[in-house]
Amino acid sequence: MDSLGYLMSGLGAALSFNNLLFAFAGCVLGTLIGVLPGLGPAAGTAILIPLTFNLDATGAIIMLCAIYYGAMYGGTITSVLINVPGEAASVVTCIDGYQMAKQGRAGSALAIAAIGSFVGGIVATILLVAVAAPLASLALKFGPAEFFALMVAGLCLVVGLAGRNILAALLMTALGLLLSLIGMDPVRGAPRFTFGIEELYDGIGFVPVVMGLFGVGELLLAAEARQSHLIQADLKKWYPSRDEWRRSSGAIGRGTVIGFVLGLIPGVGAIVPTFMAYVLEKRISKNPERFGKGAIEGVASAETANNAYANGSMVPLLALGVPSSPTIAVLMGAFIVNGLTPGPFLFQEKPELVWTVIASFFVGNVLLLILNLPLVGLWARLLKIPFAYLCTGVLIFCIIGAYGLKQSLFDVWVMLGFGVLGYVLRKLDFPIAPAILALILGPMMEKSLRTTLEISGGSFAIFLDRPLALALLAVPLIVLAAIALRPRAFANLRQTDIE
Amino acid sequence: MSRNARRGWLVATATMMAICLFAIWQSLLLSLTDRLGPGPGFFSFWLSLLGMLFAGLLIFDVWRKPVVESDETLFPRGESAFRVLIIIGAVAGAALLMGWLGFELAMLVFIAGLTFALGERRWYAIGLFAIAGSFGVYYVFTRWLDVLLPPGPWAA
């Protein structure tokens, strides 16, 4: 069967009652997570993993993917109404979205964001269908040397492009990789760094670690500074005017392309495509002075790029098994929890699952549009939930998630420990994303490297004999060298991101 | 970088350096290579060595950065600090209690205590939320979602 045949069959499966229900539940929960300030998509996806523990693998992945892109959209609502991005990618939306809300145009801003997200998501999924299968076929020709090089390249891109301080990002990567080595040696079966603690023989659980670093860590930060400047917007008038449609359509098209293309590159955080799409709109606009004062194309470009990025970033995960961001790493963890290893072999071994999940992206984007256009007022009301209830509710999910996978109270302590660590690292502004990606990629990296060296009899020269592996290893060297030689250019880019 | 931030970075990086040093020692206790190729300590040894190098460079980098005099503190004080500490304490308490009392009773205490500590004063709201979050959540997760949670002492 070809890709289209598999997609059609996947669409049929995605439209089954159960899978539709999982996609719907995921969209609702994801939007809820995105709406609540202080909980980003990574934290949201992590804390909702326990809901999927006993679902079948397809349903679990469909639901978690829906949570992911639901959260990516949900962040928009807080950006527009209270000028607080629900997640980092919505920072750019605050610039014009909040100004529109102050002018009484919150409904239009949220509607165009929902429509832009829908278009970006659908087009990016079509492109994903076109790109993912051929890329996975190519990756099937990879040996362990190429896989090791690919993972090194992915990690280094995350370090180079996402980290504010490259040395700190490299150190966090090394520590994340070290953490992933706790437990039984995957090749020889010898225990490592277990110190006689029985619970460590299985390794440090990915779920408690991400729940701690993201869920508890972000909650502790939110507990420190409670804030609310909710605008009492008239959300009954949400349909954009003809002029607003005209201004937004081009921005949505350009945002889609930028978001999808940058989603393919590991390490490009969601904020970069939203920022680039926004800057492009401002540069080509005949009235750039309107930006920052409530220009609807600013909201449209950023939100479209955000959702196109979310779907585009699934390509490296599904086709190559390389997560491009912490949220995608959490999703990869969910695949592994369900006994699946994302990557080219998944396309070969479980094509019906992969294509059902891809088809569910179309279904999820439609559900998200249906949920977000008429129900925007309802979502806005959630912003009034008192912190005492929000915080306690999230912690209940974190405790269940940490405990539920292995029925181990030890994992609850691990979650709490990493929660405190995540809070401290955030306070110091240490980059956490590289450690999370390293934690998930560590065992596969070690196995690939050791298999490669066993094949070569311990000689690293094998990487020189394999051109693709050599080329992949050259990518991170070039990126890191570029940043080391021109640190100011990269620092300026990131500074502008924040401003 | 403020003086407090610099101190925080130096302490954190030095701690990470110590972890890498410890990992080097532990890796050396495992074999680095054997007749089949790289041994169990191979990857961790080289990683820890790289980690040490990065930590050393980072300490040097932070050390030479100019310090900006500022009153800004790194960690919160007063009410904010109380909220952070109470959350950490509540989760630790819940983890301890779950082993003895089971999920439902431990969560009942956890939810009632934490919502009160975070500012809720309406007893009926606290009670309803605590019952829903403990007995209700237990029922949903164990019966509907098949997730095993620690049962109460009466379950045996």
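Right above here is the structure, for reference.
About the criteria used
- Residues numbered from 1 in each chain as written.
- Chains lettered and ligands numbered in written order.
- Predicted model: local features only at pLDDT ≥ 70, side-chain atom pairs only at ≥ 80, totals over all residues.
- Heavy atoms only, no water.
- Helix = DSSP H or I, 4+ residues; strand = E, 2+ residues; numbered from the N terminus.
- Rg over C-alpha atoms; globule rule 2.2 N^0.38 Å.
- Buried < 20%, exposed > 50% of the residue type's maximum accessible area, 1.4 Å probe, protein only.
- Contact = heavy atoms within 4.5 Å.
- Areas by Shrake-Rupley, 256 points an atom, 1.4 Å probe, with all protein chains shown as cover.
- Lys, Arg positive; Asp, Glu negative; His and termini not counted.
- Charge placed at Lys NZ, Arg CZ, Asp CG, Glu CD.
- Buried area = accessible area lost by both parts, 1.4 Å probe.
- Salt bridge = Lys/Arg side-chain N within 4 Å of Asp/Glu carboxyl O.
- Polar contact = N/O pair within 3.5 Å; in protein donor to acceptor, adjacent residues only side chain to side chain.
- Nonpolar A, V, L, I, M, F, W, Y, C, P; charged D, E, K, R; others polar.
- Core = buried A, V, L, I, M, F, W, Y, C linked by side-chain atoms within 4.5 Å.
- Domains from an automatic or database assignment.
- 1 Å grid on protein atoms, 1.4 Å probe; cavity = no way out; pocket = protein on both sides within 12 Å on 5 of 7 lines; lining within 4 Å.
- Points joined across faces, edges and corners; volume = space filled by probe spheres on them.
- Phe/Tyr/Trp six-rings, centres within 6.5 Å; stacked < 30°, edge-to-face > 60°.
- Lys NZ or Arg CZ within 6 Å of the ring centre and 35° of its normal.

Student: I'm lost on the overall build of chain A in this one. Help?
Tutor: Of the regular secondary structure elements, chain A holds 23 helices and 2 strands. Taking 499 residues into account, the globule formula puts the C-alpha radius of gyration at 23 Å, and chain A, at 22 Å, falls close to it. Over its C-alpha atoms, taken along the principal directions, chain A stretches across nearly 70 × 50 × 45 Å. Sorting the 499 residues of chain A into buried and exposed places 62% on the buried side. In chain A, 78% of the contacts between residues at least 6 apart in sequence involve partners at least 24 apart. A total of about 17600 Å² of accessible surface is found on chain A, and carbon and sulfur atoms cover 65% of it. For chain A, the distance from the average position of its 30 positive side-chain charges to the average position of its 27 negative side-chain charges is 10 Å.

Student: Would you mind showing me how to read the interface of chain A and chain B here?
Tutor: By a widely used convention, the size of an interface equals the accessible area lost when the partners come together. Contacts between the two partners involve 62 residues from chain A, matched on the other side by 68 residues from chain B. Around 5600 Å² of area is buried between chain A and chain B when both sides are counted, 81% of it from carbon and sulfur atoms. On inspection of chain A and its partner chain B, the count reaches 0 salt bridges. Where chain A packs against chain B, one counts 7 residue pairs in polar contact (both at pLDDT 80 or more). Mapped onto the side of chain A that touches chain B, the elements with two or more residues apiece are α8 (166–180), β2 (191–192), α9 (206–224), α18 (387–404), α19 (409–428) and α20 (433–455) of chain A. Looking at the side of chain A that touches chain B element by element, the count peaks at 13 residues for α18(A). Here the side of chain A that touches chain B is built from residues that sort into 45 nonpolar, 7 polar and 10 charged.

Student: What is the right way to look at the environment of A:I328 in this model?
Tutor: Residue and element names in this part refer to chain A. Looking at where I328 falls in the secondary structure, it is placed in helix α14 (residues 326–337). In this structure the C-alpha to C-alpha distance between I328 and Y68, which are 260 residues apart in sequence, comes to 8.6 Å. Every residue in contact with I328, bar those within four places of it in the chain, is listed here: Y68, S313, M314, L317 and P323.

Student: How do you make sense of the nonpolar core when you look at a structure like this?
Tutor: As a rule of thumb, soluble globular proteins bury nonpolar side chains together. Residues A:M314, A:F430 and B:F110 are the most contacted members of the largest nonpolar core, which totals 207 residues. When residues are assigned to domains, this core turns out to be shared by domain 1 (3–63) and domain 2 (78–144) of chain B, each giving three or more. Leaving out residues up to four positions away in the same chain, A:F430 has contacts with A:A168, A:M172, A:L425, B:W9, B:A12, B:T13, B:M16 and B:L58. Among the nonpolar cores identified, the runner-up in size contains 6 residues, and A:V92, A:F275, A:A295 and A:A302 belong to it.

Student: What exactly am I supposed to notice about empty space enclosed by the protein here?
Tutor: If a probe the size of a water molecule is rolled over the atoms, the empty space left behind becomes visible. Residues and elements named next belong to chain A. Summed over the entire model, instances satisfying the criterion amount to 1 cavity of 30 Å³ or more. Taken as a whole, the largest cavity holds about 40 Å³ of empty space. Taken together, Y73, A114, S117, F118, N365, L368, L369 and N372 form the lining of the largest cavity. The greatest single-element share of the lining of the largest cavity, amounting to 4 residues, is contributed by helix α16 (residues 351–372). A breakdown of the residues in the lining of the largest cavity according to their chemical character gives 5 nonpolar, 3 polar and no charged.

Student: When you look at the packing of aromatic side chains in this model, what are you seeing that I'm missing?
Tutor: Ring pairs (aromatic) are described by centroid distance and by the angle formed between their planes. Going through the model one piece at a time under the given rule, you end up with 16 aromatic pairs over all chains. With 5.9 Å between their ring centres and 80° between their planes, A:F347 and A:W355 make a pair best called edge-to-face. Looking at A:F347, the relative accessible area reads 11%, which means it is buried. Members of the aromatic cluster, each reached through a chain of ring pairs, are A:F148, A:F460 and A:F463. Its end group placed over the ring of B:W63, B:R6 keeps NZ or CZ at 5.1 Å from the ring centre. The ring of B:F116 has B:R121 sitting right over it, with the charged end atom 4.0 Å from the ring centre.

Everything listed is a geometric property; what it means functionally is a separate question.
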